[in-house]
Amino acid sequence: MTALRVVLAEDDVLLREGMASLLDHSGYEVAGQAGDGAQLLALTRQAAPDLVVADIRMPPTHTTEGLEAARVIRQERPGTAILMLSAYVEVQHAMELLADEGGIGYLLKSRVADVDEFLDALQRIARGGSVVDPALVRELVTARRREDPLAALSSREREVLSLMAEGRSNGGIGRQLWVAEGTVEKHVSSILTKLNLHEADDDHRRVLAVITFLKAR
């Protein structure tokens, strides 16, 4: 079986050489090593690798050189699998990368120390799959919760707000939920407070609450 050809791009020489040694001993053919984005593009065009492993941040500015090079590589050679590495979770950069089709991965550099996990990720990406670092998944879930305007509401308050969206009065909501109208009023007051809808008349605040509910669905 022909060994997969890999190009490595990482400005940390020790890490790059360590990965090269690991891949070499694991049956890969390391077709070249680069220390910056320009070298990565030149090597990829010359060596035509099956897989590229690159740091997102590389010289000269240590911002998005690796990511930008990856975009060019995918445009020029759509079949090239790419694994991007990062020292820490970078949600925006990762999402830009993962928006592409399969054969793409994003891992924290700390994962490289887990040899089996790292090699498994490479195999999955090489086969056209996608790999996302668990830390990124946790960050995305946390961010979604922070962005959800209804996250602070209890399940009962969500029920009340849903019935408000249907145009029901407090009395109608109470009859639907089999609770007193006064209880509904307390729930509505809590909903408006949690949604930070303070400075308006009650009818207008209810409309704003319903709009918030509909946007969040």
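Above this text sits the structure in question.
Quick caveat: nothing in here was measured; it's all calculated off a predicted structure. (Residues numbered from 1 in each chain as written. Predicted model: local features only at pLDDT ≥ 70, side-chain atom pairs only at ≥ 80, totals over all residues. Heavy atoms only, no water.)

Novice: Hey, could you run me through the overall build of the protein chain in this one?
Specialist: A tally of regular secondary structure across the protein chain gives 10 helices and six strands. Split into buried and exposed, the 217 residues of the protein chain put 41% on the buried side. If you sum the accessible surface of the protein chain, you get close to 11700 Å²; carbon and sulfur atoms cover 50% of it. (Helix = DSSP H or I, 4+ residues; strand = E, 2+ residues; numbered from the N terminus. Buried < 20%, exposed > 50% of the residue type's maximum accessible area, 1.4 Å probe, protein only. Areas by Shrake-Rupley, 256 points an atom, 1.4 Å probe, with all protein chains shown as cover.)

Novice: Quick question: what am I supposed to make of unusual backbone geometry here?
Specialist: Glycine aside, residues mostly have negative phi angles, and peptide bonds mostly take the trans form. For the bond running from proline 59 to proline 60, omega is 10°, close enough to zero to count as cis. Tracing the backbone through its elements, the reader meets proline 60 in the loop between strand 3 (51–55) and helix 3 (65–76). A positive phi angle, close to 60°, is found at tryptophan 178, a residue other than glycine. Considering the arrangement of structural elements, one finds tryptophan 178 in the loop between helix 8 (170–177) and helix 9 (181–194). Positive phi, normally seen in glycine, also occurs at asparagine 196, with a value near 60°. Residue asparagine 196 is classed as exposed on the basis of its relative accessible area, which comes to 60%.

Novice: Is there a simple way to think about the environment of glutamate 185 in this case?
Specialist: Its location among the elements puts glutamate 185 in helix 9. Sequence spacing of glutamate 185 and isoleucine 173 is 12 residues, and the spatial spacing of their C-alpha atoms is 9.7 Å.

Novice: Help me understand the pattern of salt bridges, please; the structure alone is not making it clear to me.
Specialist: It is possible for side chains of opposite charge to pair when their charged atoms get near one another. Evaluation of the coordinates by the stated rule reveals eight salt bridges. Here lysine 109 ties to aspartate 55 by a salt bridge, and the two come within 2.8 Å at their closest N and O atoms. Taken together, the residues span a long stretch of sequence, with lysine 109 in the loop between strand 5 (104–108) and helix 5 (115–126) and aspartate 55 in strand 3 at a distance of 54 residues. For the salt bridge of lysine 194 with glutamate 157, the shortest nitrogen-to-oxygen distance reads 2.9 Å. Residue lysine 194 is located in helix 9, and its partner glutamate 157 is located in helix 7 (residues 155–165); the two are separated by 37 residues in the primary sequence. Lysine 194 sits in the partly exposed class, given a relative accessible area of 34%. (Salt bridge = Lys/Arg side-chain N within 4 Å of Asp/Glu carboxyl O.)

Novice: Explanation requested: the pairing of strand 1 (residues 5–9) in the structure shown.
Specialist: Here is the key point about a regular strand: its side chains alternate between the two faces of the sheet. With four of five residues buried, strand 1 is to be regarded as a mostly interior element. Judged from the five bridges that link them, strand 1 and strand 2 (residues 29–34) form a sheet pairing that is parallel. Its bridge partner lying in strand 2, valine 6 is registered against valine 30. Relative to strand 3, strand 1 runs parallel, the two being bridged by four bridges. Paired with leucine 8 across the bridge in strand 3 is valine 53. (Pairing = 2+ DSSP bridges.)

Novice: What am I meant to see in helix 2 (residues 37–47) here?
Specialist: Of all the residues in helix 2, the buried ones are Gly37, Leu40, Leu41, Leu43, Thr44 and Ala47. Down the axis of helix 2, the buried set is contained in an arc of 170°. They therefore lie on one face. Exposed residues pointing more than 90 degrees away from the buried face of helix 2 are listed as Ala38 and Gln46. Looking at the buried residues of helix 2, the elements they touch are strand 1, strand 2, strand 3 and helix 3. (Arc of directions from axis to C-beta. Contact = heavy atoms within 4.5 Å.)

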